[in-house]
Amino acid sequence: MERLIFYVLATVAVAGALGTVSFKNPLSCALSLVVTFVALSGLYFQNDAPFVGVLQLLVYAGAIMVLVIFVIMLLNLPDVQLEQERVSRQGIPLALFLLGPLGVLVISRLISIELGEKPEVNASFGSAASVGELLFEKYLFQFEIISVVLLVAIVGAVVLAKKRL
Amino acid sequence: MTWEDTKSLMPLLGPFLAALAILVVGGRKERGPNPLLPLLALAGFGWTLVGVGCLWPLEGAHDAFAGGLRLDGLGLVVALLVSLGGAACTLLSVDYLKRRGRNLPEFYVLVLFSALGMMVMGMSTNWLSLLLGLETMSLALYVLCGFLRDETRSVESSIKYFLTGSFASGLFLFGMGLLYGGTGSFEFRDLGGAMLDAQSQPLIVVGVGFLLAGFLFKIGAAPLHMWLPDVYEGAPTPITGFMATGVKVAAFAAVIRVLSEIYQHEHVGLRDVLWWIALITMIVGNVAALAQTSVKRMLAYSSIAHAGYLTIALVVMRGAVGENGAIDFSGSLAARAILYYLLAYLVANMGAFGVLSYLEKQGGKGLAYEDLAGLGFKHRFLGLVLSVFALSLAGIPGTAGFVGKFLVFGSAVDAGVGTADSSFVLLAVLGILNSLVGLYYYLRVLIQLYAKPLAEDASTRGAPLVGMGTGLVIVASFIGTLWWGFGADFLNLGFGVEPAMRMMQGALATLR
């Protein structure tokens, strides 16, 4: 039963990801990304990390998707423009040639993993407390540097986009 | 957070606080060119220099923030080189931006943040910190490339860098994910042991391949160099200088760290891959640089060639077997050669781009070879320094570039002599042949400067006086290029080839 849930969620996640890159309408792409996010969140719940799952729903499927959809709607791209830019199919054989061996390698490795019972985890696994501890103890420096990255992005966006500085 | 943790933040705090101060001071309503802002930026870099000076020499390395940041010699040298480059870039930008009419406080903020990212890259021993440093650096540089947003070429440069650079970051991230899958850890040092594990080996090999692609992209090594000429040509000239040097410093320091783990087990065959990459990069960079008509674009291609020479040293990096059976790379001649080469490249390149940023006219014009014709007689000093920078980049004895090249090729010969495998010596020979090709296009600059008559419209070229910041950078680079080239420290200032070599040795002593 558990494995069935996993396969269903995983398939939905992959389908959503495929939709994200293959739909023509940017809004459909964004919405299929939501599908992926929700499916991933389900996977987190299944793996005893309910807090991460909730964060995934709130932050990614909620806040970030709203931003993405906002931008798409604000830009208000005409459909015609996207219709013209067809992906050239000449690149596909080359891509398969280059990435095929890699895919075989990774997939063969993945298949060889023994599917056993899910290991027992202690009660605090994936809880808010343990996530917080990781963020503010082990990965404190990285956590702070991310805020610098965001600040750079904000300053950069203003510099490039604002009409009069 | 212990005192040791705080100490490891010292080099980083300067640029960070200076950037915040500029954002606050520069954000007032009346936004004119404010002479205080570049001074604040310089103070930030000065803080780092002082901090490095206070912390040097280190008694031992310290892994701060549970391994998030490593305080050791290599990190300090990276911070030193990057802040020198950043300070030079700031000084050049003052005059440059004024002439381009876009003297905005955000420019200095972004230069400071990109330098911060480079320092983090140099100080990180785990993938997460490395990626975040890389992203801080890259995001700031994407914007800086397009800072002259009214000029098509600047915007083109920014867009090209952003799209290809994000792709490279994606490759990097994917490799990181695979390595995490293979080792269960973000630490570099868990890489070596996990490579012996047959189960995780495929993941690690593929992961290292992706990471390598990301690194090679950032240093502009062939075949991932396509973006580089256009980006370097379109970016504001001081930024081009900073990109060519700072990114190389940070990326090569990180690669030294990663390779010193991967080379623990020789069977991976990474050396063979890097061997070919070094060769192709040198040839592509040099041959393409021959055909250029713009000096700035020539320097962009030559930066590819320099990445190739540096990759030679990565190929031949060898360590001694330590007590516990692990290979210790702290005495590696090749790693030391890389650091010295980066120092030499930094001074010569910042100087050359300094002269170019002075000569450049509106719209990025005025940088063709013909525009230099006869300049050596009109601006005697400018001609002299540009010649010295070109000679240093070419590797003529008496300049810092020669010492760097000598060390790199010497380390390759040293690693190859006495072994049955002649590939290292062959690579050194090919590298020397390549630098002979490079001599041709560097000497073309000298020919234009001294053997061609002055162009007719020369009277209108450039501003009559070199600005103070530009002048300072040019003079300092000139002195550095000669000083780190002439071996003897005859004034005993702790400044010549020997002291610099000792410093690089000290930097590597705490590598692992």
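Note that the coordinates shown come from a computational prediction; the quantities given were computed from them, not determined experimentally. Along each chain, residue indices are assigned from 1 in the same order as the chain's sequence is written. All chains are assigned letters beginning with A, and all ligands numbers beginning with 1, in the order in which they are written. For a predicted model such as this one, the threshold for reporting local features is a pLDDT of at least 70, and the threshold for listing and counting side-chain atom pairs is 80 or more; totals across whole chains, interfaces and linings nevertheless cover every residue. Water and hydrogen atoms play no part in the side-chain values, which are based on all heavy atoms of the structure.

K.L.:
Could you give an account of the packing of helix 15 (residues 380–394) of chain B against helix 16 (residues 400–416) of chain B, naming the residues involved and the relevant values?
P.N.:
All names here are of chain B. Structural elements are reduced to axes, namely lines fitted to C-alpha atoms, with helices fitted over the stretch in contact, and the angle between N-to-C directions of any two is expressed from 0 to 180 degrees. Going along the chain from the N terminus, every DSSP run of H or I of four or more residues is numbered as a helix, and every run of E of two or more is numbered as a strand. Following both chains from N to C, one finds helix 15 and helix 16 inclined at 5°, their axes separated by 6 Å at the closest point. Regarding the angle of helix 15 to helix 16, the classification is roughly parallel. Contacts from Ser392, Leu393 and Ala394 in helix 15 reach Ala400, Gly401, Phe402 and Lys405 in helix 16. Residue polarity follows a fixed list, in which Ala, Val, Leu, Ile, Met, Phe, Trp, Tyr, Cys and Pro are nonpolar, Asp, Glu, Lys and Arg are charged, and the others, Gly among them, are polar. Among the residues making up the contact of helix 15 with helix 16, the classes are represented as four nonpolar, two polar and one charged. Here the word oblique covers every angle except those under 35 degrees (roughly parallel), over 145 (roughly antiparallel) and from 65 to 115 (roughly perpendicular). A contact between two residues is defined here by any heavy atoms of the two lying within 4.5 Å.

K.L.:
Describe the confidence of the model for chain A, with residues and values.
P.N.:
Residue-level confidence of the predictor, termed pLDDT, takes values from 0 up to 100. Averaged over every residue, the pLDDT of chain A is 85; residues scoring 70 or more account for 90%. For chain A, per-element mean pLDDT is lowest for helix 4 (residues 79–84) of chain A, which scores 56, and highest for helix 7 (residues 140–161) of chain A, which scores 93.

K.L.:
Hey, could you go over the interface of chain B and chain A for me, with residue numbers and the actual values?
P.N.:
Across the boundary between the two partners, chain B contributes 36 residues, which contact 24 residues of chain A. Throughout, buried area stands for the accessible area (probe radius 1.4 Å) lost by two parts on being put together, summed over both. Across the chain B to chain A interface the summed buried area is about 2,700 Å²; carbon plus sulfur atoms make up 79%. Considering only the surface of chain B that becomes buried against chain A, Phe65, Leu132 and Arg149 of chain B emerge as the three largest contributors, covering 20% of it. Throughout this description, the term salt bridge denotes a Lys or Arg side-chain nitrogen within 4 Å of a carboxyl oxygen of Asp or Glu. Along the contact surface separating chain B from chain A lie zero salt bridges.

K.L.:
Go over the packing of aromatic side chains, please, and point to the residues and values.
P.N.:
Residues and elements named next belong to chain B. Only centres within 6.5 Å qualify two rings of Phe, Tyr or Trp (six-membered ring in Trp) as a pair; their planes then separate them into stacked at under 30 degrees, edge-to-face at over 60, and tilted for everything else. Enumeration over the complete set of coordinates arrives at 23 aromatic pairs over all chains. Taken together, a centroid distance of 5.3 Å and an interplanar angle of 80° make the contact between Tyr142 and Phe162 edge-to-face. Taken together, the positions of Tyr142 in helix 5 (residues 127–145) and Phe162 in helix 6 (residues 152–183) put the pair 20 residues apart, joining distant regions of the chain. Residue exposure (1.4 Å probe, protein chains only): buried if accessible area is under 20% of the type maximum, exposed if over 50%, otherwise partly exposed. Overall, the relative accessible area of 4% leaves Tyr142 in the buried class. Classification of Phe162 by relative accessible area gives partly exposed; the value is 39%. Ring-pair connections join several aromatic residues into one group, and the members of that group are Tyr142, Tyr161, Phe162, Phe217, Trp227 and Tyr232. Over the ring of Phe147 we find Arg102; its NZ or CZ atom is 5.0 Å from the centre of that ring. Consider the ring centre and the ring normal. A charge sits over the ring if Lys NZ or Arg CZ is within 6 Å of that centre and within 35 degrees of that normal.

K.L.:
Talk me through the domain arrangement of chain A; I want residue IDs and the actual numbers.
P.N.:
The domain limits used here are those given by an automatic or database domain assignment. Segmenting chain A into domains produces domain 1 (2–89) and domain 2 (127–165). Each of domain 1 of chain A and domain 2 of chain A was reduced to a C-alpha centroid, and the two centroids are 23 Å apart.

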